[in-house]
Amino acid sequence: MRVRTTTAAACAALVALALLTGCNRESGGGSGGKKVGIDLPRSDSDFWNSYQRYIEQGVKAGEVSALPPTDSQNDVGKLVSDVTALTDLGAKAIVMAPQDTGAIASTLENLSRRKIPVISVDTRPDKGDVYMVVRADNKAYGEKACKYLGEQLKGAGEVAEFQGDLSSINGRDRSEAFKSCMDRSYPGIKVYELATDWKGDIASAKLQSTLAGHPGLGGIYMQAGGVFLQPTLALLQQKGRLLPPGSAGHITIVSNDGIPEEFDAIKAGKIDATVSQPADLYAKYALFYAKAALDGKTFQEGPTDHGSTIVKIPNGYEDQLPAPLVTKANVDDASLWANQLRKG
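Model, not experiment: these values are computed from the prediction.

### A look at the sheet that holds strand 5 (residues 132–136)
Note on sheets: strands pair through backbone hydrogen bonds, and any given pair is parallel or antiparallel. Judged by pairing direction, the sheet is mixed, and its eight strands sit side by side in the order 2-1-3-4-5-13-12-11 without closing on themselves. Looking at which strands have only one partner, the edges of the open sheet turn out to be strand 2 (70–71) and strand 11 (302–303). Summarising the sheet, strand 1 (residues 35–40) and strand 3 (residues 91–96) pair through four bridges and their orientation is parallel. Bridge pairing links V36 to A93 in strand 3.

### Structural notes on helix 6 (residues 169–185)
Over its 17 residues, helix 6 runs 24 Å from end to end, which matches the ideal 24 Å to within 8%, given 1.5 Å per residue. Here helix 6 has its buried residues at I169, N170, G171, D173, R174, S175, A177, F178, C181 and M182. On its buried face, helix 6 sits against strand 5, helix 5 (138–152), strand 6 (157–163), strand 7 (189–195), strand 8 (219–222) and strand 9 (252–257).

### Considering empty space enclosed by the protein
Following the criterion strictly, the structure yields one cavity of 30 Å³ or more and no others. Counted as a void, the largest cavity has a volume near 170 Å³. W48, Q99, D122, W198 and A224 are, among the 14 residues lining the largest cavity, the residues nearest its centre. Those elements that provide at least two residues to the lining of the largest cavity are helix 2 (46–60) and helix 6. Its residues assigned to classes, the lining of the largest cavity comprises five nonpolar, five polar and four charged.

### Notes on the pairing of strand 1
Most of strand 1 sits out of view: six of its six residues are buried. Because side chains alternate across strand 1, one face comprises the buried residues K35, G37 and D39, and the other comprises V36, I38 and L40, equally buried. Summarising the sheet, strand 1 and strand 2 pair through two bridges and their orientation is parallel. The residue of strand 2 that forms the bridge with D39 is T70. Read as a crossover between parallel neighbours, the route from strand 1 over helix 2 to strand 2 is right-handed.

### Things to note about the sheet that holds strand 8
Spatial ordering of the open sheet is given by 7-6-8-9-10-14, a layout of six strands whose pairing is mixed. Of all strands in the sheet, those with a lone pairing partner are strand 7 and strand 14 (325–326), marking the two edges. The pairing of strand 6 with strand 8 spans four bridges and is parallel. In the sheet register, A160 faces strand 8, and the bridge partner there is I220. Set on the sheet, helix 6 makes contact with strand 6, strand 7, strand 8 and strand 9; between it and strand 6 the angle comes to about 165°.

### Describing the pattern of salt bridges
Going through the model one piece at a time under the given rule, you end up with 14 salt bridges. The partner of D332 in a salt bridge is K267, with the nearest N and O atoms 3.2 Å apart. With D332 in the loop between strand 14 and helix 11 (337–343) and K267 in helix 9 (residues 260–267), the pair connects residues that are 65 residues apart, well separated along the chain. Note on D332: relative accessible area 58%, which makes it exposed. By relative accessible area, which is 37% here, K267 ends up partly exposed. Here the salt bridges share partners, and the residues they tie into one network are R124, R135, K139, D173, E176 and E318.

### Observations concerning the nonpolar core
Counting 82 residues, the largest nonpolar core has Y51 and I220 as the members making the most contacts within it. At eleven residues, helix 10 (residues 279–294) tops the list of elements feeding residues into this core. Contacts of I220, omitting those with residues within four sequence positions, involve L149, V159, A160, F162, L207, T232, L236, I251, T252, I253 and V254. Listed in part, the 18 residues of the second largest apolar core include V76, L79, V118 and V133.

### Details of helix 9
Every buried residue belonging to helix 9 is among P260, E262, F263, A265 and I266, and all of these are buried. Buried residues along helix 9 sit in contact with helix 8 (225–238), strand 9, strand 10 (273–276), strand 14 and helix 11.

### Looking at the packing of helix 2 against helix 10
When two helices pack together, their arrangement is captured by the angle between the axes and the distance separating the axes. Look at helix 2 against helix 10: their axes get within 8 Å of each other, and the N-to-C directions meet at 40°. Compared by their axis directions, helix 2 and helix 10 come out oblique. Crossing hand, helix 2 versus helix 10: right-handed. Along the contact surface, helix 2 presents F47, S50, Y51, Y54, I55, G58 and V59, while helix 10 presents A279, D280, Y282, A283, A286 and L287. Residue composition of the contact of helix 2 with helix 10, grouped by class: ten nonpolar, two polar and one charged.

What counts, and where the lines are drawn
Residues numbered from 1 in each chain as written. Predicted model: local features only at pLDDT ≥ 70, side-chain atom pairs only at ≥ 80, totals over all residues. Heavy atoms only, no water. Pairing = 2+ DSSP bridges. Helix = DSSP H or I, 4+ residues; strand = E, 2+ residues; numbered from the N terminus. Expected span 1.5 Å × (residues − 1). Buried < 20%, exposed > 50% of the residue type's maximum accessible area, 1.4 Å probe, protein only. Contact = heavy atoms within 4.5 Å. 1 Å grid on protein atoms, 1.4 Å probe; cavity = no way out; pocket = protein on both sides within 12 Å on 5 of 7 lines; lining within 4 Å. Points joined across faces, edges and corners; volume = space filled by probe spheres on them. Nonpolar A, V, L, I, M, F, W, Y, C, P; charged D, E, K, R; others polar. Right-handed = clockwise from strand over helix to strand, strands pointing away. Axes fitted to C-alpha atoms, helices over the stretch in contact; angles between N-to-C directions. Salt bridge = Lys/Arg side-chain N within 4 Å of Asp/Glu carboxyl O. Core = buried A, V, L, I, M, F, W, Y, C linked by side-chain atoms within 4.5 Å. Parallel < 35°, antiparallel > 145°, perpendicular 65-115°, else oblique. Left-handed = near helix turned anticlockwise from the far one by under 90°.

Now the structure itself:
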């Protein structure tokens, strides 16, 4: 893994942020006027674009006083440069979503020495202090996907799994939980593990090869609908395998994310289910904990007043937010964030 923390990159990020800050100063949020630095992890995913929208809404509403956000573009080197720029501009707390959870440790150690609290969204850094991790229980994602496919396939057949990047705690959690559940509960199902690095083109190419070698494939588990949905549907359509539920040759598909496009696909009979990863709650509680950190508040293990559970992790605390399974039976539920997003 390359970590490109060059002085030039940091300076370029700092200049860009300084220009933005000069014409876009935020106010509100209390915390004695202390600023929050927010890095967005990527802009090539519908899920993360939705998260960005919710972050912007929260900042505009005055939940925190924030510097203009940076976008690290799924590049840990750029994330390090962005965080350096944000702290040089005076950020007293950082919200980030490191996609490589093993390569951010030294940055977290530096922030800890400077007493700058970090809120990590969606991913749990392997090492380095964090004030709070805001994420759903990703092992439950893998478990729910496994049980849904196992029941739909009646415990027999072949399944392709689009694994996320295993350098990410989310990719590892989902993959390990899915495998453990399949081995334990559905030994009659053969799983083809397809490493994708969270990239839709890689998933599509590997699925094409898998279909060629295993034309009886009966299920697909996509660990991230935001990047896998469209290329998967396009390939299945091209191969004549995008067939409605209940028909011969239908491939049962369960996804993760809960974006509006997945809901459309469920309604159209193109996929069967998804686990709704709460983009709205990720943004809401990222800002909530950033403000709490600046206000000097502390938290303990146990249930919260917003339907989640805080657990102790080796390097801090984690607020595990709920993530429901969505099927045709509940896809129109008004409480799901994708449906609220469309109303807004």
